[in-house]
Amino acid sequence: TSATAVQGPVIPSYETTPPAWAVHSGLFELGPFRPNQALNFASTNNVLISADFLRKHQPQFDPLFNTTGGEDEEFFLRLQRAGGVIHAAHDARVTDIVPKARLTLEWAMRRKFRMGNTLGRIALLHKEGRALRFLKGIGAFGKGVGMVCTLGLGSKTKMVQGLLELVRGLGVMAAFTGLAFQEYSPSAVIKDRSKLAP
């Protein structure tokens, strides 16, 4: 494809029957993609990168994201700024097992907040698109509030989607106050692993 990196779809395999809101949240999957679709992102859970590009540019993950997550998003942004191109490998699928412990609203809200927080921190770090990112955070918060206040117009799934959009917007705005949400701090990791134990 002449791309620098190719991203394949991620298909969730749930340990237990998931609630409808979890399926529609998009938290547990990537894709589907069109054949050779141009992308402006990639994620390390199903990606192939040109070794020549890595040897030439020697990019590394930024340690600022070690305990917050989001290091792959920032990494692939720098890859593109160095001239890299990302395409989809639409049929290179992987299956990601989703444990029961992650099919909770608490976990989903934490992940959405962190995802928004990551976007805000990246905008601040690279000093580009900061105003637009902040406005998008406000927009996500406002949209979420509207969906929650109308109770998703009778749809529990849409109401939860609104709540997740609300906290994503809060995560973006929190980044502009200097908050770096530590989703993978030692204590958070221990807590998560204790829930995954058989």
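Preceding this section is the structure that the text describes.
Report on the accompanying structure.

## Focus: unusual backbone geometry
Here is step 1 of the chain: At the junction of Gly31 and Pro32, the peptide bond is cis and its omega measures out at 5° in the coordinates.
Here is step 2 of the chain: Along the chain, the position of Pro32 falls in the loop between helix H1 (20-25) and strand E3 (38-39).
Here is step 3 of the chain: A positive phi angle is found at Asn36, which is not glycine, with a value near 60°.
Here is step 4 of the chain: In this structure Asn36 comes out as partly exposed when scored by relative accessible area, which is 36%.
Here is step 5 of the chain: The phi dihedral of Lys127 falls on the positive side, at around 55°, and the residue is not glycine.
Here is step 6 of the chain: Within the element layout of this structure, Lys127 appears in the loop between helix H4 (105-126) and helix H5 (130-149).

## Digging into the packing of helix H3 (residues 71-81) against H4
Here is step 1 of the chain: At their nearest, the axes of H3 and H4 sit 10 Å apart, and the two run at 40° to each other. Taken together, H3 and H4 sit at an angle that is classed as oblique. Handedness of the crossing formed by H3 with H4: right-handed. On the side of H3, the interface is formed by Glu73, Glu74, Leu77, Arg78 and Arg81, while H4 contributes Thr118, Leu119, Ile122, Leu125 and His126.
Here is step 2 of the chain: A class-by-class count of the residues in the contact of H3 with H4 yields 4 nonpolar, 2 polar and 4 charged.

## Overview of the sheet that holds E3
Whether parallel or antiparallel, the strands of a sheet pair through hydrogen bonds between backbone atoms.
Here is step 1 of the chain: Taken in spatial order, the 4 strands of this open sheet run E3-E5-E1-E4, and their pairing is mixed. Only two strands of the sheet have a single neighbouring strand rather than two, namely E3 and strand E4 (47-49).
Here is step 2 of the chain: Note that E3 and strand E5 (residues 86-88) share 2 bridges and pair antiparallel. What sits directly across from Ala38, in E5, is His87.
Here is step 3 of the chain: Across the sheet, H3 touches strand E1 (5-7), E3, E4 and E5, and the angle it forms with E4 is around 40°.

Conventions we followed
- Residues numbered from 1 in each chain as written.
- Predicted model: local features only at pLDDT ≥ 70, side-chain atom pairs only at ≥ 80, totals over all residues.
- Heavy atoms only, no water.
- Helix = DSSP H or I, 4+ residues; strand = E, 2+ residues; numbered from the N terminus.
- Buried < 20%, exposed > 50% of the residue type's maximum accessible area, 1.4 Å probe, protein only.
- Axes fitted to C-alpha atoms, helices over the stretch in contact; angles between N-to-C directions.
- Parallel < 35°, antiparallel > 145°, perpendicular 65-115°, else oblique.
- Left-handed = near helix turned anticlockwise from the far one by under 90°.
- Contact = heavy atoms within 4.5 Å.
- Nonpolar A, V, L, I, M, F, W, Y, C, P; charged D, E, K, R; others polar.
- Pairing = 2+ DSSP bridges.

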